[in-house]
Amino acid sequence: MTESFPRLHARTRRFTLGVPRNFTISPDGGRVTFLRTRSGTDPVTCLWELDVASGAERLVVDPLALGAADEDLPPEERARRERSRESAGGVVAYATDREVRRAVFALSGDLYVTDLASGGARRLPAAGPVIDPRLDPAGARVAYVTGGALHVLEIDTGADSSLAEPEGDLVTYGLAEFIAAEEMGRMRGYWWSPSGDRLLVARVDESPVALWHIADPANPDRQPVPQRYPAAGTANAEVTLHVIGLDGARTAVPFEQEYLVTAAWDAHGLAIVTLSRDQRTMRLLSADPDTGETTLLREDTDPAWVDIVAGVPARLSDGRLVWVADADGGHRLVVGDEPVTPPSLQVRAVLDVDGDTVLFQASGEPSEVHLWTYTAGTISAVTTEPGVHSGRRAGGVTLVARQSLDTEGTTVTVGSASITSLAERPGLEPRVSLVRAGSRELSTAILLPSWHVPGSGPLPVLMDPYGGPHAQRVLSARRMFLESQWWAEQGFAVIVADGRGTPGRGPAFEREMLHDFTISLQDQVDALQGAAALHPGDLDLSRVAIRGWSFGGYLAALAVLRRPDVFHAAVAGAPVTDWRLYDTCYTERYLGHPDEGHYERSSLLGDAEKGDTEKLERPLLLIHGLADDNVVAAHTLRLSSALLAAGRPHTVLPLSGVTHMTPQEVVAENLLLLQLDFLRKSLNITG
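Residues numbered from 1 in each chain as written. Predicted model: local features only at pLDDT ≥ 70, side-chain atom pairs only at ≥ 80, totals over all residues. Heavy atoms only, no water.

(A) Broad picture of the overall build of the chain. Counting secondary structure elements, the chain contains 12 helices and 44 strands. Relative to the 2.2 N^0.38 estimate, which gives 26 Å for 687 residues, the radius of gyration of the chain is 25 Å and therefore close to what a compact globule would have. Once the C-alpha set of the chain is aligned to its principal axes, its extents read approximately 70 × 55 × 55 Å. For the chain, buried positions account for 58% of its 687 residues. For the chain, restricting intrachain contacts to residue pairs at least 6 apart in sequence, the fraction spanning at least 24 positions comes to 60%. Working note: accessible area of the chain is about 25900 Å², and carbon and sulfur atoms make up 49% of it. Put simply, the chain has 63 plus and 91 minus side-chain charges, and the middle of one group is 3 Å from the middle of the other. (Helix = DSSP H or I, 4+ residues; strand = E, 2+ residues; numbered from the N terminus. Rg over C-alpha atoms; globule rule 2.2 N^0.38 Å. Buried < 20%, exposed > 50% of the residue type's maximum accessible area, 1.4 Å probe, protein only. Contact = heavy atoms within 4.5 Å. Areas by Shrake-Rupley, 256 points an atom, 1.4 Å probe, with all protein chains shown as cover. Lys, Arg positive; Asp, Glu negative; His and termini not counted. Charge placed at Lys NZ, Arg CZ, Asp CG, Glu CD.)

Next comes the structure, spelled out in structure tokens:
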């Protein structure tokens, strides 16, 4: 390997470049379109097609050939990419017609259409910088958003019409608001009808949302960027729905609840899913597109919260509803009104409905994610080898994407064909043991240096968690542990633990996080002690560090503030320090409304001014991107101010121009090296 791991890790965007993704299978199962960069270090994403019968791949669209080497993105597209954690460039999203004959995409704000058979792409005369273009089912028209307005363009003639113009600067049509994109997984704001004669469109009014500003202190001549940020307990954007015809005729589709979760419009009708502000009630509604009248089809309730599940609602060919709901202690697939999976199989997402076959993801063992199908009353395992699997299905053909601990990268198979991954080899092999650790038998990964001989002497320990709800680190996939293994090679015993709140073990385990984020710290201590018991003599519990980003950053700072008897140094990246400063949907799901009194227990600011001498001496490095519009820099600055006022030493590393993702290559590389240097000095590690 000619490059160091930190440099390669940064150049490859954490080894995601070159990995095929965003698959679409043609209705006859004969072709698969997908996205992939040309190599594991090339950040420009291209559009490709696979012929399933022959296994031949074909480059359909190369952005460089279209003269789009340097991207000039409108602000709305930059925001979309930040919300979706998109770190590559080029064709990062596309949409096809029903028959997968045409595809449209935006490139540097321009609108393009390509004929997938010929591969020729041409620019269409859009009215302005294009956001989220989508073809109608027949492929004759493309809708897109520009300047907050929804447009429809006739592909053959180039005729363009605006169907909905914003009534003010804070109104948009056809875009997902911040909360939908960041917390609910909804990246779109409009849906074509099956006949292509009208659209369901979300109108978003941000005027009720509090105005914040993202400043750039490194460039004082620049104006701060205004941002409408819905902090916990404050107003959300107002979202309304309208069916809009191609002639501009508009019919309102009213709904009562705070959040629009998603919508689906197929041959069986128009349906929307809404969620109450407290997230304890979710409704599935059918809507009459002619009148806007809605009918309640299903209502799910939970005393804690109702989970949002990707891929539903959906329908079988006979119109029966496909849904996911909690019943008898499990996340279960529901067809019609009946759960069809056992409570022990935790359903994670519905991936596709192909006629009468449902393809879905589920876990028995939480560290593994498998593909299953439901057909005619029977569930069948599609994948059985250990690993993490995703997929698509159409035309009777199933695509399987697999990651595992025994293979590098991602393997993609479609029948007897495969799609090549061009990802770089990381140059190190995770030496990972997946165990159940501690009294709660938490899913835990233990990584030791490749050169370490068990029993040869204790190693300093690095806890490397995310630790927050609805997210996992301990999965049976090698890429999850590449960075952790690099830390192990620097001389640490690395422990990655998923505590209560993480998915894969059922609703009760996830809901233990309700009203108290600090239980995540208890679980990290439990996992540490459990790992030490499994490796007697290999872990030095007198030298324990912890690092993390986002919720993991919160957890790292919490660890040295509240458990200095266990943790001796911490690196907290982009930490949430005051949950009143984080957004409504995420924070209120777990802590409720701020007036309910659950925020102080989980806040870090109160910890800054209390404690004994020992607590003052635990080294803490706070890292924050000053351009972060998700966890804003005020979190770190307020904690730092409180620590300073209490005379408590700490270190702050501000990152100018860096967002929550830290995609910049030099920044990402040096962040690893700076953290290593800090922890070595803090734990008195030499050599």
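(B) Representation of the nonpolar core in the model. Core analysis: the biggest nonpolar cluster contains 88 residues, and Trp323, Leu333, Phe360, Phe517, Phe567 and Trp579 have the highest contact counts within it. The dominant element in this core, judged by the number of residues it contributes, is helix H7 (residues 551-562), at nine residues. If you look at the next biggest cluster of nonpolar residues, it comprises 31 residues, including Phe15, Trp487, Ala569 and Ile685. (Core = buried A, V, L, I, M, F, W, Y, C linked by side-chain atoms within 4.5 Å.)

(C) The arrangement of the sheet that holds strand E6 (residues 95-96) in detail. Overall, antiparallel pairing links the four strands, which are arranged E6-E7-E8-E9 in an open sheet. Edge positions in the sheet fall to E6 and strand E9 (121-124), since each of these pairs with one other strand and no more. Two elements, strand E8 (residues 110-115) and E9, share four bridges in a ladder whose sense is antiparallel. Bridge pairing links valine 113 to arginine 122 in E9. (Pairing = 2+ DSSP bridges.)

(D) Spatial organisation of the sheet that holds strand E34 (residues 397-403). Spatially, E33-E34-E35-E36 is the arrangement adopted by the four strands of the open sheet, whose pairing is antiparallel. Both edges of this open sheet fall to strand E33 (388-394) and strand E36 (417-419), since each of them pairs with a single strand only. Averaged over all neighbouring strand pairs, the angle between strand axes comes to 20°, with direction disregarded. (Axes fitted to C-alpha atoms, helices over the stretch in contact; angles between N-to-C directions.)

(E) Quick look at the pattern of salt bridges. All chains considered together, the criterion is met by 50 salt bridges. A salt bridge links aspartate 62 to arginine 38, with the shortest nitrogen-to-oxygen separation between them at 3.0 Å. In this pair, aspartate 62 sits in the loop between strand E4 (57-61) and helix H2 (75-84) while arginine 38 sits in the loop between strand E2 (31-37) and strand E3 (44-51), placing the two residues 24 residues apart along the sequence. Assessed through its relative accessible area of 40%, arginine 38 is described here as partly exposed. A salt bridge links arginine 85 to glutamate 182, with the shortest nitrogen-to-oxygen separation between them at 2.6 Å. Taken together, the residues arginine 85 in the loop between H2 and strand E5 (89-90) and glutamate 182 in helix H3 (residues 178-183) connect sequence positions 97 residues apart. Taken together, the shared-partner salt bridges in this structure form one network comprising Glu77, Arg80, Arg81, Asp132 and Arg134. (Salt bridge = Lys/Arg side-chain N within 4 Å of Asp/Glu carboxyl O.)

(F) Representation of empty space enclosed by the protein within the structure. In the structure shown here, the tally under the stated rule is three cavities of 30 Å³ or more. The volume enclosed by the largest cavity comes to roughly 90 Å³. Lining the largest cavity are 13 residues, with Glu177, Ile179, Pro230, Asn236 and Ala237 positioned closest to its centre. Its residues assigned to classes, the lining of the largest cavity shows eight nonpolar, one polar and four charged. (1 Å grid on protein atoms, 1.4 Å probe; cavity = no way out; pocket = protein on both sides within 12 Å on 5 of 7 lines; lining within 4 Å. Points joined across faces, edges and corners; volume = space filled by probe spheres on them. Nonpolar A, V, L, I, M, F, W, Y, C, P; charged D, E, K, R; others polar.)

(G) Examining helix H12 (residues 665-682) more closely. A rise of 1.5 Å per residue sets the reference length of H12, with its 18 residues, at 26 Å; its end C-alpha atoms lie 26 Å apart and thus fit the reference within 8%. When H12 is considered as a whole, its buried residues turn out to be Ala668, Glu669, Leu671, Leu672, Gln675, Leu676, Phe678 and Leu679. Note on H12: the residue one or two positions beyond its end, asparagine 684, has a positive phi of about 55°. (Expected span 1.5 Å × (residues − 1).)

(H) Inspection of the packing of aromatic side chains at higher detail. All told, the structure shown has 23 aromatic pairs when counted by the stated rule. Between the aromatic rings of phenylalanine 517 and phenylalanine 551, the centroid separation amounts to 5.3 Å while the plane-to-plane angle is 85°, which identifies the pairing as edge-to-face. With phenylalanine 517 in the loop between helix H5 (507-511) and helix H6 (519-534) and phenylalanine 551 in helix H7, this pair connects stretches of sequence that are 34 residues apart. Summarising the burial analysis for this pair, phenylalanine 517 and phenylalanine 551 share the class buried. Residues phenylalanine 551 and tryptophan 579 carry aromatic rings whose centres are separated by 6.0 Å and whose planes lie at 45° to one another, so their mutual orientation is tilted. (Phe/Tyr/Trp six-rings, centres within 6.5 Å; stacked < 30°, edge-to-face > 60°.)

(I) How the structure looks around the side chain of glutamate 588. The residue glutamate 588 is located in helix H8 (residues 584-591) in this model. A residue is classified by how much of its surface remains accessible, and glutamate 588, at 6% relative accessible area, is buried. One polar contact links glutamate 588 to arginine 277, side chain to side chain, over a distance of 2.7 Å. Beyond its immediate chain neighbours, meaning those up to four positions away, glutamate 588 contacts Ala232, Gly233, Tyr259, Arg277, Gln279, Asp583, His593 and Tyr599. (Polar contact = N/O pair within 3.5 Å; in protein donor to acceptor, adjacent residues only side chain to side chain.)

(J) Structural context of the environment of leucine 558. Along the polypeptide, leucine 558 turns up in helix H7. In this structure leucine 558 comes out as buried when scored by relative accessible area, which is 0%. Excluding its chain neighbours within four sequence positions, the residues that come into contact with leucine 558 are Thr518, Leu521, Arg563 and Leu604.

(K) Examining the packing of H6 against H7 more closely. With their axes 10 Å apart at the nearest point, H6 and H7 run at an angle of 75° to one another. Here H7 runs roughly perpendicular to H6, going by the angle between their axes. Between H6 and H7, the residues in contact are Ser520, Leu521 and Gln524 and Phe551, Leu555, Leu558, Ala559 and Arg562, respectively. Residue composition of the contact of H6 with H7, by class: five nonpolar, two polar and one charged. (Parallel < 35°, antiparallel > 145°, perpendicular 65-115°, else oblique.)

(L) Expanded view of the pairing of strand E17 (residues 211-214). Residue alternation in E17 divides its side chains into a buried set, Trp212 and Ile214, and an unburied set, Leu211 and His213. Bridge count between E17 and strand E18 (residues 225-228): four bridges; the pairing is antiparallel. Residue pairing across strands places leucine 211 opposite arginine 228, the latter belonging to E18.

(M) Spatial organisation of the environment of serine 439. Assignment of secondary structure puts serine 439 in the loop between strand E37 (432-437) and strand E38 (442-447). Counting along the chain gives 91 residues from serine 439 to glycine 530, while the straight-line C-alpha distance between them is 7.5 Å.

(N) A look at the packing of helix H4 (residues 482-489) against H12. Between H4 and H12, the shortest axis-to-axis distance is 12 Å and the interhelical angle comes to 40°. Taken together, the axes of H4 and H12 are oblique relative to one another. Crossing hand, H4 versus H12: right-handed. Along the contact surface, H4 presents Glu483, Trp486 and Trp487, while H12 presents Leu672, Leu673, Gln675, Leu676 and Leu679. For the contact of H4 with H12, the residue count by class is six nonpolar, one polar and one charged. (Left-handed = near helix turned anticlockwise from the far one by under 90°.)

(O) Helix H11 (residues 634-645), seen in detail. In this model, H11 (12 residues) spans 16 Å end to end at C-alpha, consistent with the 16 Å of a helix rising 1.5 Å per residue. Regarding H11, the residues found buried are His635, Thr636, Leu639, Ser640, Ala642 and Leu643. Summarising the axial view, the buried residues of H11 lie within an arc of 165°, below the 170-degree limit, and thus occupy one face. Relative to its buried face, H11 has exposed residues pointing more than 90 degrees away, namely Leu644 and Ala645. Elements in contact with the buried residues of H11: H7, strand E43 (620-625) and strand E44 (651-655). Positive phi shows up at glycine 647, right after H11, with a value of about 70°. (Arc of directions from axis to C-beta.)

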